[in-house]
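Residue-level structure breakdown
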Amino acid sequence: MAEAKIASAEEAAKKLIADAIKEADSKKRETILEAKEDIHKLRTELDNEIKERRQEQQRVDRRLTQREETLDRKLESVEKKEDNQRIKEAELEEANQKIQQLHQQQLLELERLSGLSRGEARELLLQNVQKETRHEAAQLIKEIENETKQEAEKRSREIISQTIQRYAADHVAETTVSVVSLPNDEMKGRIIGREGRNIRALETLTGIDLIIDDTPEAVIISGFDPVRREVARIALEKLIADGRIHPGRIEEMVNRAQKEVDNHIKEMGEQATFDTGIHGLHPELIRLLGRLNYRTSYGQNVLKHSLEVCHLAGMIAAEIGADVKLAKRGGLLHDIGKAIDHEVEGPHVTIGADVAKKYRENPAVVHAIAAHHGDVEPETVEAVLVQAADAISAARPGARRETLENYIKRLEKLEEIADSFQGVDKSYAIQAGREVRIIVKPERIDDALASQMAREIVERIEGEMEYPGQIKVTVIRESRAVEYAR
C-alpha cells in the first residue's frame with residue numbers, strides 16, 4: 001500500500017510537473033508573442049518617426065536650397081548693380097569734367113562779352129544779391145513791425161489815455177516875471193541914485209542887471225539865475241513901496257527878499273513831496289525841487305512838469321504792474337539837475353544823476369534820471385516809464401512854447417534832413433514842427449524801402465536835433481496813371 005501510494009504520488013507529481021511544464025511553455029510562448037508584438041509596434045513607431053524626420057529634413061533642405069538660390073540671384077543682381085554703378089560713376093566723372101570745362105569756357109566767354117573780370121562780376125553779383133536780400137529783409141521787417149506796432153499801439157493807447165484822463169493838471173505855462181512896474185518915471189532916477197550908487201548896490205547884492213531905458217514906468221530885470229532875478233524883483237518892489245532907496249536900505253531889503261525866496265523854495269519843495277506822497281528825500285533835494293518853481297523849459301514850469309511826470313509815471317506803472325513808488329520818485333527827480341545847471345557845467349541829466357547819487361538816492365532812481373533823455377540806455381521798466389511820462393508831459397499841446405526863430409530853424413532843419421535822402425521828391429514840415437511828411441519817387445522807392453527810409457530819417461532827427469516832445473515822420477509813396485480820352 002505504501003508503494004502503491006508512493007507510486008500514485010509520483011504519478012501525481014509527474015503529472016503536476018508535466019502540467020507545470022506545459023503551462024510554463026504556454027506562458028513562455030505567450031510572453032514571447034507579446035514581446036514580439038511590442039517589438040513590432042515599437043519598430044513600426046520608430047520607422048514612422050524616422051520617416052517623418054526624414055521628410056522634415058527634406059523640407060528643410062529644400063528651403064535652404066531655395067534660399068541659397070535666392071541669395072545667389074540677389075548676389076548676382078548686386079554685383080550687376082555695382083558694375084552699373086561704377087560705370088555710371090565713371091560716366092558722371094567724365095560728364096563733370098566736361099561741365100567744368102564748359103563752365104570755364106562760359107566764364108571766359110562771359111568775361112569777353114561783358115568786359116568784366118571774374119572778381120568784378122562777383123562783386124556786381126554780390127551787390128545785386130545784397131540789394132535783393134535787403135529788399136526782402138525790409139519787407140519782412142515791415143510786416144513784423146506792422147504787427148508789433150498794431151498790438152503795442154493798441155495797448156499803449158489804452159494805458160496812456162487812462163493815465164491822462166486820471167491826471168488833470170493846470171495847463172497854463174507860467175513865465176518868470178522880468179519887468180517891474182513903477183508908479184512914475186521919477187522913480188527911475190531914485191533907483192539909479194546919485195552917480196548910480198543905488199543901482200550899483202542893487203546889482204552887486206543880487207547879481208543881476210537892471211535895465212532902465214525909455215520904457216515908460218517900467219524897469220527890466222535881466223539875469224540868468226531865476227532865483228536871483230526873483231530876489232531882485234521882490235527887493236525892488238519893496239524899495240518902491242517903501243520909498244526910501246539908499247545902499248543901506250537896499251541891502252536890508254535884499255536880505256529880506258532872500259529869506260522870503262528861500263522860505264518859499266522850501267515850502268514849494270515840501271508841498272511837492274506832500275502832493276506826490278514821496279517821503280525820505282534829503283533836505284537838499286527838497287530845496288532843489290523848490291528851486292525848480294523858478295525854472296522854465298520852453299515856457300513850461302519845470303516843477304509842475306516834474307509833478308506831472310511823477311503822477312503819469314506812477315499811474316502807468318500801476319497799469320502794467322511795475323514799481324509805482326520807484327517810478328514816481330524817478331519822475332519827480334528826473335529834472336532835478338535843471339535847478340543848478342546854470343551853476344555846474346554839463347547837461348542837466350548828468351548833473352541830476354550826480355546830485356541824486358551824492359544824497360544817497362536809490363541806484364534805480366539815479367539810473368532813471370540818467371536815462372530819461374536816452375543818454376544812457378534804460379535798463380529797468382521804471383526808467384522807461386519815466387522817459388515816456390516825460391515825453392507825454394512835454395508833448396501835450398500848450399505845454400511848451402518856442403521863439404519864432406527857433407521854430408523856423410526847426411522846420412527848416414526837418415525839411416533839410418528829409419531832402420538829403422535819395423529818392424525824396426518833396427518834404428513838408430507841418431503841425432508846428434511835430435510832423436514831417438516826405439513824398440518819394442515811386443519808381444525809385446518801393447513800399448519796403450519807404451518804411452526803411454522812415455526809420456533812417458527818425459535816427460537822423462534824433463541824432464542831430466533838439467526838440468520838445470516827439471516828431472512824427474510820414475513817408476508817402478504814390479503811383480499815378482493818367483491818360484486822356486479824345
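Here is what the cut-offs are and how they apply
- Residues numbered from 1 in each chain as written.
- Predicted model: local features only at pLDDT ≥ 70, side-chain atom pairs only at ≥ 80, totals over all residues.
- Heavy atoms only, no water.
- Helix = DSSP H or I, 4+ residues; strand = E, 2+ residues; numbered from the N terminus.
- Rg over C-alpha atoms; globule rule 2.2 N^0.38 Å.
- Buried < 20%, exposed > 50% of the residue type's maximum accessible area, 1.4 Å probe, protein only.
- Areas by Shrake-Rupley, 256 points an atom, 1.4 Å probe, with all protein chains shown as cover.
- Lys, Arg positive; Asp, Glu negative; His and termini not counted.
- Charge placed at Lys NZ, Arg CZ, Asp CG, Glu CD.
- Pairing = 2+ DSSP bridges.
- Axes fitted to C-alpha atoms, helices over the stretch in contact; angles between N-to-C directions.
- Contact = heavy atoms within 4.5 Å.
- pLDDT = per-residue confidence, 0-100.
- Expected span 1.5 Å × (residues − 1).
- Salt bridge = Lys/Arg side-chain N within 4 Å of Asp/Glu carboxyl O.
- Parallel < 35°, antiparallel > 145°, perpendicular 65-115°, else oblique.
- Nonpolar A, V, L, I, M, F, W, Y, C, P; charged D, E, K, R; others polar.

**Remarks on the overall build of the protein**
Helix and strand content of the protein: 14 helices and eight strands. For 486 residues, the compact-globule estimate of 2.2 N^0.38 gives 23 Å, and the protein exceeds it by more than 25% at 55 Å. Along the first, second and third principal axes, the C-alpha atoms of the protein reach 205 × 95 × 50 Å. A burial count over the protein gives 31% of its 486 residues as buried. Taken as a whole, the protein presents about 32,400 Å² of accessible surface, with 51% of it coming from carbon and sulfur. Charged side chains in the protein number 77 positive and 93 negative. The centres of these two groups are separated by 3 Å.

**Structural notes on unusual backbone geometry**
In most cases, non-glycine residues show a negative phi, while peptide bonds are predominantly trans. For E195, which is not a glycine, the phi torsion comes out positive at approximately 55°. Among the structural elements, E195 can be located in the loop between α3 (186–192) and α4 (197–206). Residue E195 is classed as exposed on the basis of its relative accessible area, which comes to 72%. The phi torsion at R360 lies on the positive side, around 60°, for a residue other than glycine. Following the sequence through the fold, R360 ends up in the loop between α10 (348–358) and α11 (363–371). Since its relative accessible area comes to 77%, R360 is described here as exposed.

**A closer look at the sheet that holds strand β6 (residues 424–430)**
Strand pairing within a sheet occurs via backbone hydrogen bonds; the two strands may be parallel or antiparallel. Strand order in this open sheet of three strands is β6-β7-β8, and the pairing throughout is mixed. The strands lining the two open edges of the sheet, one partner per strand, are β6 and β8 (472–477). The sheet shows a mean angle of 15° between the axes of neighbouring strands, direction not considered. Relative to β8, strand β7 (residues 435–440) is paired through six bridges, and the arrangement is parallel. What sits directly across from V440, in β8, is R477. With respect to the sheet, helix α14 (residues 447–464) is in contact with β6, β7 and β8, its orientation differing from that of β8 by roughly 155°.

**Section: the sheet that holds strand β2 (residues 209–211)**
Pairing is antiparallel across the open sheet formed by three strands, whose spatial order is β1-β3-β2. The open sheet has two edge strands, β1 (179–181) and β2, and neither has a second partner. Each adjacent strand pair in this sheet contributes to an overall mean axis angle of 30°, direction not counted. Sheet topology note: the β2/strand β3 (residues 218–222) ladder contains three bridges and is antiparallel. Among the inter-strand pairings, D209 is bridged to a residue of β3, identified as S222. The sheet contacts of helix α5 (residues 226–242) involve β1, β2 and β3, and relative to β1 the element is tilted by about 10°.

**Examining the confidence of the model for the protein**
Parts of the prediction with low pLDDT should not have their coordinates interpreted in detail. Here the protein averages 82 in pLDDT, and 91% of its residues register 70 or above. The low-confidence segment residues 170–177, where pLDDT is below 50, has 18 contacts with residues more than four positions distant or belonging to other chains.

**Things to note about the environment of A388**
Looking at the element boundaries, A388 is found in helix α12 (residues 381–395). For the pair A388 and H372, spaced 16 residues apart in the sequence, the C-alpha separation amounts to 8.2 Å.

**Things to note about the environment of K22**
Structurally, K22 can be placed in helix α1 (residues 2–114). Its relative accessible area of 59% is what places K22 among the exposed residues. Each C-alpha atom of the pair K22 and A201 lies 178 Å from the other, and the pair is 179 residues apart in sequence.

**Points about the pairing of β3**
The pairing of β1 with β3 spans three bridges and is classified as antiparallel. Residue pairing for β3: V180 is matched across the bridge by V219. What sits between β2 and β3 in their antiparallel hairpin is a turn of six residues, with E217 showing a positive phi close to 55°.

**Some words on α14**
Taking 1.5 Å per residue as the helical rise, α14 with its 18 residues ought to reach 26 Å, and the 26 Å between its terminal C-alpha atoms agrees with that figure. Turning to α14, its buried residues number three or more, namely A448, A450, S451, Q452, M453, A454, I457 and I461.

**Re the pattern of salt bridges**
In total, this model carries 17 salt bridges according to the counting rule given. Ionic pairing is found between R249 and E252, a salt bridge with its closest N-O pair at 3.1 Å. In this pair, R249 and E252 are both assigned in helix α6 (residues 247–276), three residues apart and thus about one turn of the helix distant. Taken together, the shared-partner salt bridges in this structure form one network comprising E230, R233 and E237.

**A closer look at the environment of A339**
Assignment of secondary structure puts A339 in the loop between α9 (324–333) and α10. Classification of A339 by relative accessible area gives buried; the value is 4%. For the pair A339 and I144, spaced 195 residues apart in sequence, the C-alpha to C-alpha distance is 43 Å. Not counting residues within four places of it along the chain, the set of residues in contact with A339 comprises L288, R291 and L292.

**Side note on α5**
Compared with the 24 Å implied by 1.5 Å per residue over 17 residues, the 24 Å span of α5 between its first and last C-alpha is a close match. With twelve of its 17 residues buried, α5 lies for the most part within the structure. Buried within α5 we find P226, V227, R229, E230, V231, A232, R233, I234, A235, L236, L239 and I240.

**Digging into the pairing of β7**
Successive residues of a regular strand alternate their side chains across the two faces of the sheet. Note that β6 and β7 share six bridges and pair antiparallel. Bridged to V424 within β7 is V440.

**Things to note about the packing of α10 against α11**
Contact geometry for α10 and α11: axes closest at 8 Å, N-to-C directions at 170°. Judged on the interaxial angle alone, α11 and α10 are roughly antiparallel. In this structure, α10 contributes V349, G352, A353, A356 and K357 to the contact, and α11 contributes V366, I369 and A370. Residue composition of the contact of α10 with α11, by class: six nonpolar, one polar and one charged.

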